[in-house]
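Overview (structure and organization)
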Amino acid sequence: MPVKNAIQTIRDTLHQVMADDDRVIIIGQDVGVMGGVFGATAGLAEEFGEHRVIDAPLAESSIVGIAIGAALGGLLPIAEIQFADFIHSAVDQIISEAAKIRYRSNNDFSCPIVIRAPYGAGITGGLYHSQSVEALFFSTPGLKIAVPSTPYDIKGLLRAAIYDPDPVLFFEHKNGHTYRGYKEEVPDVPYTIPFGKAAIRREGEDLTVISYGLMVHYATAAADELAKEGVKAEVIDLRTLLPFDRETILESVCKTGKVLIVHEDNLTGGIGGELAAVIADEAFWHLDAPIKRLASPDIPAMPYAPSLEKHVMLNQEKIYAAMKELAAY
Amino acid sequence: MDSEQARHEALGLTADDLLAMYRYMLAARAFDERTMILERQGKIPFTVTGVGHEGAQVGAAWSLRKGIDIVLPYYRDVGVMLVLGMTPYEMMLGEFARAGDPNSGGRQMPKHWGSRRLSVITQSSPVATQIPHAAGLGLAAKLKGEDAIVWVSFGDGAASKGDFHEGVSFAAIHKLPVVFFCENNLYAISVPLERQSPVPNVADRSAAYGIPGVTVDGNDVLEVYRVSLEAGERARRGEGPTLIEARTYRFDPHTTNDDDRKYRSREEIDSWRSQDPILRFSAYLKEHGFLTEEEDLALREEAKATMLEAARAAEAAPEPDGPSALRYVYHEEEGP
């Protein structure tokens, strides 16, 4: 079985889907001749033509708006926002339009688009090439949100997203580890992973760590380290946020009695608050410790200087420390 | 009179066509007037009208092929929807937010159109968001080799938004089969055109996209039909989009929640009365012997009666079930 990183997997998945289905088109800035700034669409314009892999003007609102129109016209468009930080120009199209088309038309219309957007810090990207933006969309029913952390999941979730009858935001962590460094076996055959089904990356009885994206890699490594000291942590990778897998979360928390939620996005208003509320509502009597959240501090965005970024960003050590403290509670 | 006669003949319109167009204009006016009364009576919470726009709307819609061309109308386009085949009763179901409202089942405010059956794409309240959708629909039609053109309308206010620029620009770059139709009534709620646009005509902006821009007298139904037909044919030939600006005037406030006395004088409104597209078309028809004064009065009465009857029937229709508000957030598997 071939071993691939995330970028190769995205590219191969897009290739496979486009070869099988004429309805699939890609639209975004630099996705055509250049093949995307990260290379996720490399060679696709050459293979499928510039009419299906469309270099869009530098205008995010219309990249999404045109994708919506194309979907209404019977295509399955994949819009690429070059960096999640630039998605804000397209928020009206995403929240006012894509998310509401089925609802407002009483099911007469639907909006099957995928918006791919590389997100996250750790690339010395400064304020505008480092953001996590999932919380902004998390309170918008009508949208689905995927945040895959591994190449295997990327393939299954991307295919599922393209054939999902509703709009999907597909956030890919873009740092050196998640986009290129981490590799694993990815089957050639097409497969899908259902939305709303978390993966347990590591089993354990002593505490639960819930995370997604890059932080899953750090949390798993921290759990391995902690295991050497005899503390067994269960690490849950949510894979999708809208919907998120309540069942797996609650089952694990009921088993361990302790839970740490880790995300790269800011603490306040982040996904962790909602997860904590669900756990408090539905698993309160199983808890042996307060629900803990570990997230980026509440600053507007990531500063550029490496020393500043290092201070702000979560890493394996910070997660390890938080896990250890919770285990000892 | 001979040259006047040549106008509709040159356009290939028969007396029957002209009278049908006129009846749609009267119907649009009567519909709007009835909805305004319904709001004042407290029977519906809100409405928005297009009184004064009927010539622009019917002239443009008459150029479209029903069920083939894809239409994205905005919230004043009663005349467009009537021509495309939405019945007054169906439209009244929307005014009363009844379960049978074909646009949204009572979920949206009145005149937020959408009907797959009629090839009318669902619309929202934020203005101009539909303009990139039109470009995307044009792209899909072109890729699929379909014969359809896409027709999208909006007000002069929408032309100030970024989505207008982005959508028109993309359609022009890719020569997409789209007709952009601006119903310029000179006000974005209270803000007059000269506070919105540094150039006198919305169509002047077409120069920036390298496409034809046409400013047309929006109160002249035949002239609007002529330029719309031309733009549609151009789109069908694969030559790309056209930006049409139909200059008109809104006689009513922006919506029933607006008091337009705060921003325009009664004298100004009255000065536009002689330009009323219905008056002008009525005069044209009479001049050419297609309509008598008695027939005109009868048609107007008939339109009023139709709308009153449609309103009565819609008022009696059932409301949507409360719990149905939770449905269709996402795709639902077939079931009850």
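Preceding block: the structure.
We now turn to the structure provided with this report. Small disclaimer: the values here were computed from a predicted structure and weren't measured.

1. Some details on the overall build of chain A
Along chain A, the regular secondary structure elements total 13 helices and 14 strands. For 329 residues, the compact-globule estimate of 2.2 N^0.38 gives 20 Å, and chain A sits close to it at 19 Å. Structurally, chain A occupies a C-alpha span of about 60 × 45 × 40 Å along its principal axes. The buried share of chain A, reckoned over its 329 residues, is 63%. For chain A, the accessible surface area stands at approximately 11900 Å², while carbon and sulfur atoms represent 53% of it. The average position of the 28 basic charges and that of the 44 acidic charges among the side chains of chain A differ by 3 Å.

2. Points about the pairing of strand β2 (residues 24-28) of chain A
Residue and element names in this part refer to chain A. Counted residue by residue, β2 has five buried out of five residues, so it is predominantly covered. On β2, burial covers both faces: Val 24, Ile 26 and Gly 28 on one face and Ile 25 and Ile 27 on the other are all buried. Sheet topology note: the β2/strand β4 (residues 76-80) ladder contains five bridges and is parallel. The partner of Val 24 across the bridge, within β4, is Leu 76.

3. Structural notes on the pattern of salt bridges
Residue and element names in this part refer to chain A. All chains considered together, the criterion is met by 46 salt bridges over all chains. The partner of Asp 20 in a salt bridge is Arg 159, with the nearest N and O atoms 4.0 Å apart. Of this pair, Asp 20 sits in helix α1 (residues 6-20) while Arg 159 sits in helix α7 (residues 151-162), placing them 139 residues apart in sequence. A residue is classified by how much of its surface remains accessible, and Asp 20, at 58% relative accessible area, is exposed. Classification of Arg 159 as buried rests on a relative accessible area of 12%. Residue Arg 201 is joined to Asp 153 by a salt bridge in which the shortest nitrogen-to-oxygen separation is 2.5 Å. Placement of the pair is Arg 201 in strand β9 (residues 199-202) and Asp 153 in helix α7, with a sequence separation of 48 residues. It is possible to trace a salt-bridge network through shared partners that takes in Lys 4, Arg 11, Asp 12 and Asp 188.

4. Details of the sheet that holds strand β10 (residues 207-211) of chain A
Residues and elements named next belong to chain A. With respect to topology, five strands assemble into an open sheet ordered β9-β11-β10-β13-β14, the strand pairing being mixed. Two strands bound the open sheet, and with one partner strand each, they are β9 and β14 (292-296). Averaged over neighbouring strand pairs, the angle between their axes works out to 25 degrees when direction is ignored. The pairing of β10 with strand β13 (residues 259-266) spans three bridges and is classified as parallel. Residue pairing in the sheet places Ile 210 in a bridge with Ile 261 of β13.

5. Quick look at the nonpolar core
Ranked by size, the top nonpolar core spans 86 residues in total, and within it Phe 137 and Phe 171 of chain A carry the most contacts. Among the elements that take part in this core, helix α3 (residues 60-72) of chain A stands out by supplying eight residues, more than any other. When near neighbours in sequence (up to four residues on either side) are disregarded, Phe 137 of chain A contacts Ile 87, Val 91, Ile 94, Ile 95, Leu 143, Ile 145, Leu 169, Phe 171 and Leu 242 of chain A. In terms of nonpolar packing, the next biggest core, distinct from the first, is built from 59 residues, Ala 28, Met 81, Met 91 and Ala 246 of chain B among them.

Procedures and definitions
- Residues numbered from 1 in each chain as written.
- Chains lettered and ligands numbered in written order.
- Predicted model: local features only at pLDDT ≥ 70, side-chain atom pairs only at ≥ 80, totals over all residues.
- Heavy atoms only, no water.
- Helix = DSSP H or I, 4+ residues; strand = E, 2+ residues; numbered from the N terminus.
- Rg over C-alpha atoms; globule rule 2.2 N^0.38 Å.
- Buried < 20%, exposed > 50% of the residue type's maximum accessible area, 1.4 Å probe, protein only.
- Areas by Shrake-Rupley, 256 points an atom, 1.4 Å probe, with all protein chains shown as cover.
- Lys, Arg positive; Asp, Glu negative; His and termini not counted.
- Charge placed at Lys NZ, Arg CZ, Asp CG, Glu CD.
- Pairing = 2+ DSSP bridges.
- Salt bridge = Lys/Arg side-chain N within 4 Å of Asp/Glu carboxyl O.
- Axes fitted to C-alpha atoms, helices over the stretch in contact; angles between N-to-C directions.
- Core = buried A, V, L, I, M, F, W, Y, C linked by side-chain atoms within 4.5 Å.
- Contact = heavy atoms within 4.5 Å.

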